[in-house]
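Here are the chains, one letter per residue:
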Amino acid sequence: MNRGKFITFEGNDGSGKTTISKLVYEQLSTQGINVIFTREPGGIEIAEQIRQIILDPNNKTMDARTEALLYAASRRQHLVEKILPALNNGIHVICDRFIDSSLAYQGMGRQIGMQEVYDMNLFATEGILPDLTLFLDVSVEEAMNRMASREAKDRLEQEDNAFHQRVRLGYEKVKELYPQRIHVIDAHQSIEKVTENCMQEIERIFDQDA
(Lines give C-alpha, C1' and ligand atoms only; values in the text may rest on other atoms or scores of the structure.)
Protein backbone atom coordinates (compact mmCIF):
# COMPACT_ATOMS: atom_id res chain seq x y z
CA MET A 1 0.00 0.00 0.00
CA ASN A 2 1.33 3.40 -1.01
CA ARG A 3 1.34 6.07 1.67
CA GLY A 4 -1.23 8.80 1.12
CA LYS A 5 -0.19 12.24 -0.05
CA PHE A 6 -0.30 15.12 2.42
CA ILE A 7 -1.47 18.24 0.55
CA THR A 8 -1.88 21.59 2.28
CA PHE A 9 -3.35 24.94 1.27
CA GLU A 10 -1.82 28.20 2.48
CA GLY A 11 -2.40 31.91 2.04
CA ASN A 12 -3.27 35.13 3.80
CA ASP A 13 -6.73 35.45 5.33
CA GLY A 14 -9.00 36.32 2.43
CA SER A 15 -6.99 34.38 -0.18
CA GLY A 16 -9.86 31.93 -0.73
CA LYS A 17 -7.94 28.87 0.42
CA THR A 18 -10.78 27.41 2.52
CA THR A 19 -13.23 27.64 -0.38
CA ILE A 20 -10.74 26.28 -2.90
CA SER A 21 -9.42 23.46 -0.70
CA LYS A 22 -12.98 22.22 -0.11
CA LEU A 23 -13.74 22.36 -3.84
CA VAL A 24 -10.57 20.40 -4.58
CA TYR A 25 -11.53 17.81 -1.97
CA GLU A 26 -15.00 17.48 -3.52
CA GLN A 27 -13.55 17.04 -7.01
CA LEU A 28 -11.12 14.37 -5.85
CA SER A 29 -13.88 12.55 -3.97
CA THR A 30 -16.11 12.65 -7.06
CA GLN A 31 -13.29 10.99 -9.00
CA GLY A 32 -13.34 8.11 -6.54
CA ILE A 33 -10.02 9.06 -4.93
CA ASN A 34 -9.64 8.05 -1.28
CA VAL A 35 -9.21 11.44 0.38
CA ILE A 36 -10.20 13.33 3.53
CA PHE A 37 -10.48 17.05 4.23
CA THR A 38 -9.34 18.68 7.45
CA ARG A 39 -8.21 22.05 8.78
CA GLU A 40 -5.91 23.82 11.21
CA PRO A 41 -6.25 24.76 13.88
CA GLY A 42 -8.84 22.04 14.40
CA GLY A 43 -9.79 18.90 12.53
CA ILE A 44 -10.41 16.82 15.67
CA GLU A 45 -12.23 17.51 18.93
CA ILE A 46 -9.26 18.53 21.09
CA ALA A 47 -7.77 20.73 18.37
CA GLU A 48 -11.15 22.35 17.69
CA GLN A 49 -11.37 23.28 21.37
CA ILE A 50 -7.92 24.87 21.14
CA ARG A 51 -9.07 26.68 17.98
CA GLN A 52 -11.87 28.32 19.92
CA ILE A 53 -9.37 29.70 22.44
CA ILE A 54 -6.94 30.95 19.79
CA LEU A 55 -9.45 32.68 17.56
CA ASP A 56 -11.86 34.05 20.17
CA PRO A 57 -11.88 37.85 19.67
CA ASN A 58 -12.39 38.27 23.41
CA ASN A 59 -8.94 36.85 24.17
CA LYS A 60 -7.26 40.19 23.55
CA THR A 61 -4.53 39.68 26.18
CA MET A 62 -3.14 36.48 24.63
CA ASP A 63 0.66 36.61 24.45
CA ALA A 64 2.26 35.92 21.05
CA ARG A 65 4.26 32.95 22.34
CA THR A 66 1.18 31.53 24.05
CA GLU A 67 -0.60 31.76 20.70
CA ALA A 68 2.26 29.97 18.92
CA LEU A 69 2.38 27.23 21.57
CA LEU A 70 -1.37 26.67 21.30
CA TYR A 71 -1.08 26.29 17.53
CA ALA A 72 1.74 23.77 17.97
CA ALA A 73 -0.24 21.80 20.57
CA SER A 74 -3.28 21.72 18.32
CA ARG A 75 -1.11 20.61 15.40
CA ARG A 76 0.47 17.78 17.36
CA GLN A 77 -2.86 16.27 18.39
CA HIS A 78 -4.30 16.74 14.90
CA LEU A 79 -1.28 15.05 13.34
CA VAL A 80 -1.20 11.95 15.54
CA GLU A 81 -4.95 11.50 15.79
CA LYS A 82 -6.07 12.18 12.22
CA ILE A 83 -3.43 13.03 9.61
CA LEU A 84 -0.84 10.29 10.15
CA PRO A 85 -3.35 7.43 10.54
CA ALA A 86 -4.96 8.43 7.25
CA LEU A 87 -1.65 8.76 5.38
CA ASN A 88 -0.41 5.42 6.73
CA ASN A 89 -3.61 3.77 5.47
CA GLY A 90 -3.07 5.10 1.95
CA ILE A 91 -5.60 7.92 2.28
CA HIS A 92 -4.72 11.32 0.84
CA VAL A 93 -5.15 14.31 3.16
CA ILE A 94 -6.24 17.79 2.05
CA CYS A 95 -5.53 20.24 4.87
CA ASP A 96 -6.49 23.91 5.14
CA ARG A 97 -3.27 25.31 6.71
CA PHE A 98 -0.34 23.57 8.43
CA ILE A 99 3.12 24.56 9.73
CA ASP A 100 3.72 27.27 7.09
CA SER A 101 0.89 29.29 8.63
CA SER A 102 2.65 29.34 11.99
CA LEU A 103 5.92 30.45 10.39
CA ALA A 104 4.15 33.31 8.60
CA TYR A 105 1.57 34.36 11.20
CA GLN A 106 3.41 33.84 14.47
CA GLY A 107 7.02 33.89 13.27
CA MET A 108 6.71 37.00 11.13
CA GLY A 109 3.26 38.44 11.86
CA ARG A 110 3.77 38.34 15.63
CA GLN A 111 7.51 39.01 15.18
CA ILE A 112 8.69 36.23 17.49
CA GLY A 113 11.04 34.72 14.90
CA MET A 114 10.48 32.17 12.14
CA GLN A 115 13.32 29.93 13.34
CA GLU A 116 11.94 29.95 16.89
CA VAL A 117 8.49 28.99 15.63
CA TYR A 118 9.96 26.32 13.36
CA ASP A 119 11.90 24.78 16.25
CA MET A 120 8.75 24.74 18.38
CA ASN A 121 6.82 22.99 15.63
CA LEU A 122 9.67 20.58 14.92
CA PHE A 123 9.02 19.15 18.39
CA ALA A 124 5.29 18.99 17.66
CA THR A 125 5.50 17.40 14.21
CA GLU A 126 8.75 15.39 14.48
CA GLY A 127 9.81 16.97 11.20
CA ILE A 128 6.80 15.89 9.15
CA LEU A 129 6.05 18.27 6.26
CA PRO A 130 3.46 18.19 3.46
CA ASP A 131 4.21 16.47 0.15
CA LEU A 132 2.71 19.45 -1.68
CA THR A 133 1.66 22.91 -0.55
CA LEU A 134 -0.51 25.13 -2.73
CA PHE A 135 -0.06 28.80 -1.88
CA LEU A 136 -2.97 30.93 -3.02
CA ASP A 137 -1.34 34.20 -3.99
CA VAL A 138 -3.43 37.33 -3.60
CA SER A 139 -2.44 40.88 -2.72
CA VAL A 140 -2.96 41.98 0.87
CA GLU A 141 -5.22 44.78 -0.40
CA GLU A 142 -7.47 42.33 -2.24
CA ALA A 143 -7.49 39.95 0.73
CA MET A 144 -8.47 42.78 3.09
CA ASN A 145 -11.25 43.84 0.71
CA ARG A 146 -12.62 40.30 0.69
CA MET A 147 -12.50 40.09 4.48
CA ALA A 148 -14.29 43.43 4.82
CA SER A 149 -17.55 41.76 3.77
CA ARG A 150 -17.36 39.10 6.48
CA GLU A 151 -19.90 39.59 9.23
CA ALA A 152 -17.88 37.97 12.02
CA LYS A 153 -14.08 38.12 12.04
CA ASP A 154 -11.91 35.99 14.29
CA ARG A 155 -9.11 37.39 16.46
CA LEU A 156 -6.43 37.18 13.76
CA GLU A 157 -8.67 38.45 10.98
CA GLN A 158 -9.28 41.55 13.10
CA GLU A 159 -5.58 42.46 13.09
CA ASP A 160 -4.53 45.60 11.24
CA ASN A 161 -3.11 45.93 7.76
CA ALA A 162 0.50 46.08 9.06
CA PHE A 163 0.08 42.63 10.66
CA HIS A 164 -1.27 41.11 7.44
CA GLN A 165 1.56 42.74 5.47
CA ARG A 166 4.08 41.05 7.80
CA VAL A 167 2.28 37.75 7.32
CA ARG A 168 2.58 38.18 3.57
CA LEU A 169 6.32 38.84 3.96
CA GLY A 170 6.55 35.72 6.11
CA TYR A 171 4.99 33.64 3.37
CA GLU A 172 7.48 35.06 0.86
CA LYS A 173 10.30 33.78 3.08
CA VAL A 174 8.62 30.40 3.51
CA LYS A 175 8.33 30.05 -0.28
CA GLU A 176 12.06 30.72 -0.55
CA LEU A 177 12.78 28.01 2.02
CA TYR A 178 10.68 25.31 0.33
CA PRO A 179 10.63 25.99 -3.42
CA GLN A 180 10.24 22.30 -4.34
CA ARG A 181 7.22 21.77 -2.08
CA ILE A 182 5.34 25.06 -2.41
CA HIS A 183 3.56 25.86 -5.66
CA VAL A 184 2.12 29.34 -6.16
CA ILE A 185 -1.40 29.71 -7.58
CA ASP A 186 -2.69 33.08 -8.76
CA ALA A 187 -5.75 33.56 -6.55
CA HIS A 188 -6.90 36.75 -8.31
CA GLN A 189 -8.48 34.49 -10.95
CA SER A 190 -12.01 33.09 -10.87
CA ILE A 191 -12.79 30.35 -8.35
CA GLU A 192 -13.14 27.88 -11.23
CA LYS A 193 -9.73 28.75 -12.67
CA VAL A 194 -7.97 28.66 -9.28
CA THR A 195 -9.51 25.25 -8.57
CA GLU A 196 -8.44 24.00 -12.00
CA ASN A 197 -4.84 25.18 -11.44
CA CYS A 198 -4.75 23.45 -8.05
CA MET A 199 -6.08 20.20 -9.50
CA GLN A 200 -3.35 20.25 -12.15
CA GLU A 201 -0.63 20.47 -9.48
CA ILE A 202 -2.22 17.68 -7.44
CA GLU A 203 -2.55 15.43 -10.49
CA ARG A 204 1.17 15.90 -11.12
CA ILE A 205 2.09 14.64 -7.68
CA PHE A 206 -0.30 11.69 -8.05
CA ASP A 207 1.27 10.85 -11.42
CA GLN A 208 4.70 10.54 -9.78
CA ASP A 209 3.52 7.35 -8.06
CA ALA A 210 1.67 5.96 -11.06
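Below is a short write-up of the structure. Every value quoted in this text rests on a predicted model; they were computed, and no experiment measured them.

A separate point is the environment of Gly 170. By secondary structure assignment, the location of Gly 170 is in helix 7 (residues 161-177). In this structure Gly 170 comes out as buried when scored by relative accessible area, which is 0%.

Under the counting rule described, the total for this entry stands at 16 salt bridges. Glu 172 is paired through a salt bridge with Arg 168; the nearest N and O atoms lie 3.1 Å apart. Of this pair, Glu 172 and Arg 168 both sit in helix 7, four residues apart, which is roughly one turn of that helix. As a salt-bridge pair, Arg 204 and Glu 201 come within 3.0 Å of each other at their nearest N and O atoms. Separated by three residues within a single helix, Arg 204 and Glu 201 lie in helix 8 (residues 191-207), roughly one turn from each other. Its relative accessible area of 16% is what places Glu 201 among the buried residues. One continuous salt-bridge network, built from bridges that share partners, spans Glu 67, Arg 110, Arg 155 and Glu 159.

This brings us to the layout of surface pockets. Looking at the largest pocket, its volume works out to about 450 Å³. Of all the elements in the fold, those that place two or more residues in the lining of the largest pocket are helix 1 (17-30), strand 2 (35-39), helix 2 (45-55), helix 3 (64-88) and helix 4 (99-109). The class makeup of the residues in the lining of the largest pocket is seven nonpolar, eight polar and twelve charged. Within this model, the second largest pocket holds a volume of roughly 180 Å³. In this structure, the second largest pocket is lined by Gly 14, Ser 15, Gly 16, Thr 19, Ile 20, Arg 146, Arg 150, Ala 187, Gln 189, Ile 191 and Val 194. At the level of elements, helix 1 and helix 8 are the ones that each hand at least two residues to the lining of the second largest pocket. Its residues assigned to classes, the lining of the second largest pocket shows four nonpolar, five polar and two charged.

One can find Lys 17 in helix 1. Lys 17 gets classed as buried once you look at its relative accessible area, which sits at 8%. Polar side-chain contacts of Lys 17 include one of 3.2 Å to the side chain of Thr 18. If sequence neighbours within four positions are ignored, Lys 17 has contacts with Phe 9, Glu 10, Gly 11, Asp 96, Arg 97 and Leu 136.

Right, let's get into the environment of Ala 47. When you line up the elements, Ala 47 lands in helix 2. According to the relative accessible area criterion, Ala 47 is buried, its value standing at 0%. Ala 47 sits 45 residues away from Asn 2 along the chain, and the two C-alpha atoms are 28 Å apart. Excluding residues within four positions of it along the chain, Ala 47 makes contact with Pro 41, Gly 42 and Ser 74.

Criteria and cut-off values
Residues numbered from 1 in each chain as written. Predicted model: local features only at pLDDT ≥ 70, side-chain atom pairs only at ≥ 80, totals over all residues. Heavy atoms only, no water. Helix = DSSP H or I, 4+ residues; strand = E, 2+ residues; numbered from the N terminus. Buried < 20%, exposed > 50% of the residue type's maximum accessible area, 1.4 Å probe, protein only. Salt bridge = Lys/Arg side-chain N within 4 Å of Asp/Glu carboxyl O. 1 Å grid on protein atoms, 1.4 Å probe; cavity = no way out; pocket = protein on both sides within 12 Å on 5 of 7 lines; lining within 4 Å. Points joined across faces, edges and corners; volume = space filled by probe spheres on them. Nonpolar A, V, L, I, M, F, W, Y, C, P; charged D, E, K, R; others polar. Polar contact = N/O pair within 3.5 Å; in protein donor to acceptor, adjacent residues only side chain to side chain. Contact = heavy atoms within 4.5 Å.

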